[in-house]
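Analysis of the macromolecular model
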Amino acid sequence: MKVPFYDATREYNFKKTEFDIEISKVLESGAFILGKQVYDFEEAVCRYTGAKYAVGVANGSDALLITSDILEYKNGAEILTPVFTFFASASCIARLQGKPVFCDVDEDTFCIDINDAEKRITEKTKGILPVHLFLQTTDMTTCMELAKKYHLTVLEDAAEAFGMKTKYNGEYIHSGLIGDFGIFSFFPTKTLGGYGDGGMIVTNNEELYKKAKSYRTHGSTKKYHHDYIGYNSRLDTLQAAILNIKLKHIDNAIQKRANHAAQYRELLKNIEEIKLPVIKTDNKEVNYVFCIKAHKRDELDSYLKSNEIGTSIYYPVPLHLQKCFEYLDYKKGDFPVAEKLCDSVLALPMFPELTEDEVSFVCEKIKRFFN
């Protein structure tokens, strides 16, 4: 059996007619840039998440860059962000000549360790950029308490967290809606993923919304009138049409991912060399990926690949050891938890159209490897 890490073609084949009709509508309309489907999708995301405002942009990285710019995470400002995450969570700060201040992470949730973050606050600290990683959000209650204590703004990187909720002030709030800004990525592998790049900015602040909407089109409020030096970053109309369809089916897709996760947990629970994901805070989790911590991770990864099972290592090198961040003067050993995770975390196949037989096959091969 060959088990892909991710396969978009299965979903397309299941819903081919639905996708083809909506794609044809865009092609026939000729409105390829900020067409009706983009605004429809922004409104649909607001309804689903509870956000007051949403701005579709070209990708999740641009969403981070634009919001970082608006929040003035630049020109020497220090921004607290986890060291165990995707590159874009720090590059958005560095691109603006801000300073990413890396923080270690919680060994169970993989999210930023707020206690470690507090130790790194200086008079130059301007904001916190927490990342909601893999299947659960950062502890946003503790994060916001820290932000209020030191008068910091908060930019939630919810690129992987569409559908996730966390309990805050007694109610469950969708990821991205507790801080000043939140962002989503619609990269194809994401829980809500397009058939190309796409991203979105969400906020409950009208002033921030107006700026974000302007920044995505060169800082203009009307054509050829520019209030800001913005960006050219617009969600593609074709992607919005596809995402509109997928959003209608998102709850079913999330449930299928949950079923796969439950099967993985059941079949792998007695393998001593593996640690399964831990839900630590009061979250409504979403299994964007299913990451295990494994003894002899690299050998297991090679073994699974040799058996035609797709895997991914999140992340092989922590951000403080990336060559481009050498100027920050971090060294190996500065973030022991993150470095440990980089040697042990392995993501197994996870997407809605995965079958029970495929999950069983993956688990059987893992058992065989350790036995």
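Residues numbered from 1 in each chain as written. Predicted model: local features only at pLDDT ≥ 70, side-chain atom pairs only at ≥ 80, totals over all residues. Heavy atoms only, no water.

Quick notes on the overall build of the chain
- Across its full length, the chain carries 13 helices and 15 strands.
- Taken against the 2.2 N^0.38 rule, which gives 21 Å for 371 residues, the C-alpha radius of gyration of the chain at 21 Å falls within 12% of a compact globule.
- Projecting the C-alpha coordinates of the chain onto the three principal axes gives extents of approximately 65 × 55 × 40 Å.
- Counting over 371 residues, the chain shows a buried share of 57%.
- A sequence separation of at least 24 residues applies to 73% of the contacts in the chain between residues at least 6 apart.
- Entry remark: accessible area of the chain is about 16,500 Å², with carbon and sulfur atoms responsible for 49%.
- For the chain, the centre of its 47 positive side-chain charges and the centre of its 53 negative side-chain charges are spaced 2 Å apart. (Helix = DSSP H or I, 4+ residues; strand = E, 2+ residues; numbered from the N terminus. Rg over C-alpha atoms; globule rule 2.2 N^0.38 Å. Buried < 20%, exposed > 50% of the residue type's maximum accessible area, 1.4 Å probe, protein only. Contact = heavy atoms within 4.5 Å. Areas by Shrake-Rupley, 256 points an atom, 1.4 Å probe, with all protein chains shown as cover. Lys, Arg positive; Asp, Glu negative; His and termini not counted. Charge placed at Lys NZ, Arg CZ, Asp CG, Glu CD.)

Quick look at the pattern of salt bridges
- Counted under the stated rule, the structure contains 18 salt bridges.
- Here Lys-280 ties to Asp-106 by a salt bridge, and the two come within 3.0 Å at their closest N and O atoms. One end of the pair, Lys-280, is in the loop between strand E12 (274-275) and strand E13 (283-284); the other, Asp-106, is in the loop between strand E3 (99-103) and helix H6 (114-119), and 174 residues separate them in sequence.
- Between Lys-340 and Glu-107 there is a salt bridge, with its nearest N and O atoms 2.8 Å apart. (Salt bridge = Lys/Arg side-chain N within 4 Å of Asp/Glu carboxyl O.)

Details of the sheet that holds E13
- Reading across the sheet, the three strands line up as E7-E6-E13 and stay open at both edges, with antiparallel pairing between neighbours. Only two strands of the sheet have a single partner each, and these edge strands are strand E7 (171-174) and E13. (Pairing = 2+ DSSP bridges.)

As for unusual backbone geometry
- Tyr-315 follows Tyr-314 through a cis peptide bond whose omega is 0°.
- Among the structural elements, Tyr-315 can be located in the loop between helix H11 (297-306) and helix H12 (336-342).
- Not every positive phi belongs to a glycine, and Gln-97 is a case in point at roughly 65°.
- The topology assignment puts Gln-97 in the loop between helix H5 (88-94) and E3.
- Judged by relative accessible area, Gln-97 falls into the exposed class, the value being 52%.

Quick look at the state of the cysteines
- Under the defined criterion, the tally for this structure stands at zero disulfides.
- For the unlinked cysteine Cys-111, the closest cysteine sulfur is that of Cys-143, found at 10 Å.
- Residue Cys-111 is classed as buried on the basis of its relative accessible area of 2%. (Disulfide = S-S within 2.5 Å.)

Focus: the nonpolar core
- Within the largest apolar cluster, 53 residues are counted, with the highest numbers of intra-cluster contacts made by Phe-84, Phe-134, Ile-201 and Tyr-314.
- Elements that contribute at least two residues to this core include exactly strand E1 (53-57), helix H4 (60-70), H5, strand E8 (181-185), helix H8 (206-215), H12 and strand E15 (345-348).
- Residues within four places of Tyr-314 in sequence aside, it is in contact with Phe-5, Phe-84, Phe-134, Tyr-288, Val-289, Cys-291, Val-345 and Ala-347.
- If you look at the next biggest cluster of nonpolar residues, it comprises 43 residues, including Ala-51, Ile-121, Met-144 and Ala-147. (Core = buried A, V, L, I, M, F, W, Y, C linked by side-chain atoms within 4.5 Å.)

Remarks on the sheet that holds strand E14 (residues 290-294)
- Spatial ordering of the open sheet is given by E12-E14-E15, a layout of three strands whose pairing is antiparallel. The two strands at the open ends of the sheet, each matched to only one other strand, are E12 and E15.
- As judged from the two bridges shared by E12 and E14, these two strands associate in the antiparallel manner. Bridge pairing links Lys-275 to Lys-293 in E14.

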